[in-house]
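# Fold and contact review
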Amino acid sequence: MSRFAYVNSGFLPHRDACVHIEDRGFQFGDAVYEVWGVRDGHLLDEQGHFDRLYRSLDQLDILFERSQYSLLVTIHELLRRNRIRNGLVYLQISRGVAPRDHAFPQANIAPTVVLTAKRFNFDAAAQRAEHGIRVITQDDERWGRCDIKSVNLLPNVLAKQAAREEGAYEAWLVDGSGLVTEGSSTTAWIVSRDGELITRPLDNHILPGITRKTVIAIAKSMSIPLVERAFSPEEAHSSREAFITSASSFVMPVVQIDDKIIANGTPGSLSLSLRNEYLRAQ
Ligand code: PDD
């Protein structure tokens, strides 16, 4: 079956879909993006991702006039054309096409909109969660506005590649003070020896994860004590449990950080129950 993508105002066969060479997303990384998980045809955390999308656009002064409703209709049409009921949807919006100049173009240009969708194997993810994943730590070499979901992902790409080369699933990024910020494409969490759920507070150093927000709400509803503070890799090494969250991994237990096995090397019970609750709540 041929796959379809959406560019600007129309659907195209995936292999023919492209953007202009002078697109500012390509030339400067002057673009934002969002990712939704799709389950049984529904977008997971639909509103949270839209809210963050419009905030990212606003923070970069990208004038985007299309409504959430109009985007949502297009997303569902894309899923329908690709016959996807379980998968991932990616949306990139760049400032648009203009002759190369670092400063914003003088003339009002139309933002470029790209939507793609792919199938996601929920069973494989569930199996991964049963065993847990391994993460490595890497220096956080990103810019100072990681709260904006921009497509400038080179440090994230390099960190993920380092993880892959070591046979790990994710890289946790460590700031200049020796504290974990987040994963290269996920939020980082630990459970302390006292059973407290710990994740870094929101500021410019991390992306405000939408899955993070939902998991916090779930933890509160389960009366699990939650502390929003930074933690070091050393504290994580001796934690009771660790896990990551994101639109594509939901809640994924971590069983090894660098060469340190977490607890007994199997997924923690709190991580697994948060995963089940997250999937049940959607
Ligand atoms: N990544 N931190 C970073 C740096 C991320 O890129 C992501 C998401 C997250 C988790 O955010 P959320 O829970 O809203 O997905 C945290 C997506 C999935 C990606 O780039 O593919």
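Residues numbered from 1 in each chain as written. Predicted model: local features only at pLDDT ≥ 70, side-chain atom pairs only at ≥ 80, totals over all residues. Heavy atoms only, no water.

Residues in contact with the ligand amount to 21 residues; listed here are only the nearest, Tyr33, Arg52, Glu182, Thr211 and Ala247. Contact between the ligand and Ser185: a nitrogen atom at 3.1 Å from a main-chain N or O atom of the residue. In the environment of the ligand, an oxygen atom lies 2.8 Å from a nitrogen or oxygen atom belonging to the backbone of Ala247. Out of a free accessible area of 470 Å², the ligand has 93% covered by protein chains. When contributions to the shell around the ligand are tallied by element, the ones reaching two or more residues are β3 (31–39), α2 (46–59), β9 (180–183), α6 (210–221) and β13 (241–246). By residue class, the composition of the shell around the ligand is five nonpolar, 12 polar and four charged. (Near = heavy atom within 4 Å. Polar contact = N/O pair within 3.5 Å; in protein donor to acceptor, adjacent residues only side chain to side chain. Areas by Shrake-Rupley, 256 points an atom, 1.4 Å probe, with all protein chains shown as cover. Helix = DSSP H or I, 4+ residues; strand = E, 2+ residues; numbered from the N terminus. Nonpolar A, V, L, I, M, F, W, Y, C, P; charged D, E, K, R; others polar.)

Applying the stated criterion across every chain yields a total of 15 salt bridges. Residue Arg52 is joined to Glu34 by a salt bridge in which the shortest nitrogen-to-oxygen separation is 2.7 Å. Placement of Arg52 in helix α2 and of Glu34 in strand β3 is noted, with a sequence separation of 18 residues between them. Exposure class is identical for Arg52 and Glu34. Each is buried. A salt bridge links Arg212 to Glu228; the shortest N-O distance between them is 2.7 Å. Here Glu228 lies in strand β12 (residues 226–228) and Arg212 lies in helix α6, a separation of 16 residues in the sequence. One continuous salt-bridge network, built from bridges that share partners, spans Arg24, Asp30 and Arg95. (Salt bridge = Lys/Arg side-chain N within 4 Å of Asp/Glu carboxyl O. Buried < 20%, exposed > 50% of the residue type's maximum accessible area, 1.4 Å probe, protein only.)

As for its position among the elements, Asn82 is in the loop between α3 (68–81) and β5 (87–94). Given the relative accessible area of 1%, Asn82 is considered buried.

What holds strands together in a sheet is hydrogen bonding between their backbones, with the strands either parallel or antiparallel. Taking strand neighbours across the sheet as the criterion, the six strands line up as β2-β1-β6-β5-β3-β4 in an open arrangement whose pairing is antiparallel. Two strands lie at the open edges of the sheet, namely β2 (10–13) and β4 (42–43), each paired on one side alone. In terms of strand pairing, β5 meets strand β6 (residues 112–119) through eight bridges, oriented antiparallel. When the bridges of β6 are listed, Ile93 appears paired with Val113. (Pairing = 2+ DSSP bridges.)

Attention now goes to α2. A turn of α-helix holds 3.6 residues, and therefore any two residues three or four places apart point the same way. For α2, spanning 14 residues, the distance from its first C-alpha to its last is 20 Å, which sits close to the expected 20 Å at 1.5 Å a residue. Those residues of α2 lying buried are Gly48, His49, Phe50, Arg52, Leu53, Ser56 and Leu57. If you follow the buried residues of α2, they end up packed against β3, α3, β5 and α6. (Expected span 1.5 Å × (residues − 1). Contact = heavy atoms within 4.5 Å.)

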